[in-house]
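Close look at the chain arrangement
Here is how the chains run, residue by residue.
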Amino acid sequence: MFQILFLYVITACIMRAVLASAVTYSTEPFNETLAAEDIWLNQVSACTSADPSSVLKWNCGLPCQKTQVSNTSIAENQSLKILAFTGLTAHGCLIVFRGSANVLNYLEDFDFFMTNPYGEACPECKVHSGFLRNWQSLEPKIRAQISALNCQEKALSIVGHSLGAAMATLAAFELAAEYNVRRVYTYGQPRLGNGEWVSAFSSRMSQKNASYFRVVDYRDAVPHLPPDNFFSEGWEHPGPEVYYNATAVGDYRICRKPRDKLCSYQWNLLDTLAHTCDHCSYLGLNPCTCGASKPQCIEGLLREVQHPQVL
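All of the points below concern the structure found in this document. Only a predicted model underlies this, so the values are computations on that prediction, with no experimental measurement involved. (Residues numbered from 1 in each chain as written. Predicted model: local features only at pLDDT ≥ 70, side-chain atom pairs only at ≥ 80, totals over all residues. Heavy atoms only, no water.)

With that settled, the discussion passes to helix α6 (residues 163–175). If you check α6, its first and last C-alpha atoms are 18 Å apart, about what 13 residues at 1.5 Å a residue would give, namely 18 Å. Where burial is concerned, most of α6 is hidden: 13 out of the 13 residues are buried. (Helix = DSSP H or I, 4+ residues; strand = E, 2+ residues; numbered from the N terminus. Expected span 1.5 Å × (residues − 1). Buried < 20%, exposed > 50% of the residue type's maximum accessible area, 1.4 Å probe, protein only.)

Here it is in structure tokens:
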């Protein structure tokens, strides 16, 4: 009897470990073609700083020529200086959250304290209160816009860069409960929650069969913020991570394990502070500046190009 009970406990522990590791994996491979389109879409969102109507009319110049989105609407909070746009693409519904080009100062206005907004649904989950406040300020408008587009019946893609990446991830976690969230790609994403929230997020993406990838370019500083144990909170990243060793298409490896030193975790925050241009240099493009045809970090193009690897 004892042996049977012992085997049952061991089997249950193994199955739990397998399931726990499985939920951190995306069900679809990383699509670099879609990722390159995302960089242009993030640049489109940057165009709204000068002329929001150019996005509504889809005549914002180069980035609008490189992509095609119809039925666009804007959700904005002017006091917080944040914005997202929604629309329809050939793949279904789309939400793009505007990011920030400023690496060292863009977090100044956001407190670093964690909060639990989910109550008994996820009692140990904690997320960055500033990022949460930003997402919640846009949430009603975004929900109204995607409802008007009948996105309940379509695949939903959510993307963002920098601050926009943090809001995109929080939005994906909540909208996945009601919508068919199929793809969540983020670029230069800061840490935004504790380990319990990361596990809950990964589990929900797995349950929805959603493809989530967090893309990092070389020594971009923002993915190292807030520092791991800032205020002893235990900040973590969801995975997998797509790590680019150069600002060029094709030069990436995918790390499935958290804090894998073959990806961005090989650098600490101090290592990254002299490479701030990496934050606006992704896949040979610039997600930060409307109409830019080249990445901000030109030297990134000269680093040795490696073949894609999955680790």
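What follows concerns the pattern of salt bridges. The full count for this structure, using the stated rule, is eight salt bridges. A salt bridge links arginine 182 to glutamate 28, with the nearest nitrogen and oxygen atoms 2.8 Å apart. Of this pair, arginine 182 sits in strand β7 (residues 180–187) while glutamate 28 sits in the loop between α1 (2–22) and α2 (32–47), and the two are 154 residues apart along the sequence. Ionic pairing is found between arginine 191 and aspartate 228, a salt bridge with its closest N-O pair at 3.1 Å. Taken together, the residues arginine 191 in the loop between β7 and β8 (193–194) and aspartate 228 in the loop between β9 (211–217) and β10 (235–236) connect sequence positions 37 residues apart. Grouping residues by exposure puts arginine 191 and aspartate 228 together as buried. Through salt bridges with shared partners, a single network forms among Arg191, Asp228, Glu236 and Arg259. (Salt bridge = Lys/Arg side-chain N within 4 Å of Asp/Glu carboxyl O.)

The next thing to look at is the pairing of β7. The element β7 is extensively covered by neighbouring structure, given that seven of its eight residues are classed as buried. Sheet topology places strand β6 (residues 155–161) next to β7; seven bridges connect them, and they run parallel. Within β7, the position partnered with histidine 161 by the bridge is tyrosine 187. Alignment of β7 against β9, held across five bridges, turns out to be parallel. Its bridge partner being in β9, threonine 186 is matched across the sheet by arginine 214. (Pairing = 2+ DSSP bridges.)

Further remarks concern the packing of aromatic side chains. Scanning the model with the defined rule gives 14 aromatic pairs in all. Taking the centre distance of 5.2 Å and the plane angle of 20° together, the rings of tryptophan 197 and phenylalanine 201 count as stacked. Within this pair, tryptophan 197 and its partner phenylalanine 201 are both found in helix α7 (residues 195–207), separated by four residues, close to a single helical turn. Of the residues examined, tryptophan 197 reaches a relative accessible area of 0% and is grouped as buried. Look at tyrosine 218 and tryptophan 267: their rings are 5.7 Å apart centre to centre, the planes differ by 75°, and that puts the pair in the edge-to-face class. You can see tyrosine 218 sitting in the loop between β9 and β10 and its partner tryptophan 267 sitting in the loop between β12 (252–255) and α8 (269–272), a full 49 residues away along the chain. The exposure classification of tyrosine 218 matches that of tryptophan 267, with both residues buried. Ring pairs connect the aromatic residues Phe30, Tyr185, Phe213, Tyr244 and Tyr252, which therefore count as one cluster. Here the basic side chain of arginine 204 rests over the ring of phenylalanine 173, its NZ or CZ set 4.1 Å away from the ring centre. (Phe/Tyr/Trp six-rings, centres within 6.5 Å; stacked < 30°, edge-to-face > 60°. Lys NZ or Arg CZ within 6 Å of the ring centre and 35° of its normal.)

Right, let's talk about the nonpolar core for a bit. Across soluble globular proteins, you tend to see nonpolar side chains buried next to one another. Ranked by internal contacts, the top residues of the largest apolar core, which has 42 residues, are Phe97, Trp135, Ile142, Ile158, Leu170, Leu175 and Trp197. At the level of secondary structure, the elements contributing two or more residues to this core comprise β2 (82–89), β3 (92–97), α5 (129–148), β6, α6, β7 and α7. No other element matches the nine residues that α6 contributes to this core. If you look at the next biggest cluster of nonpolar residues, it comprises 28 residues, including Ala35, Leu41, Cys60 and Leu94. (Core = buried A, V, L, I, M, F, W, Y, C linked by side-chain atoms within 4.5 Å.)

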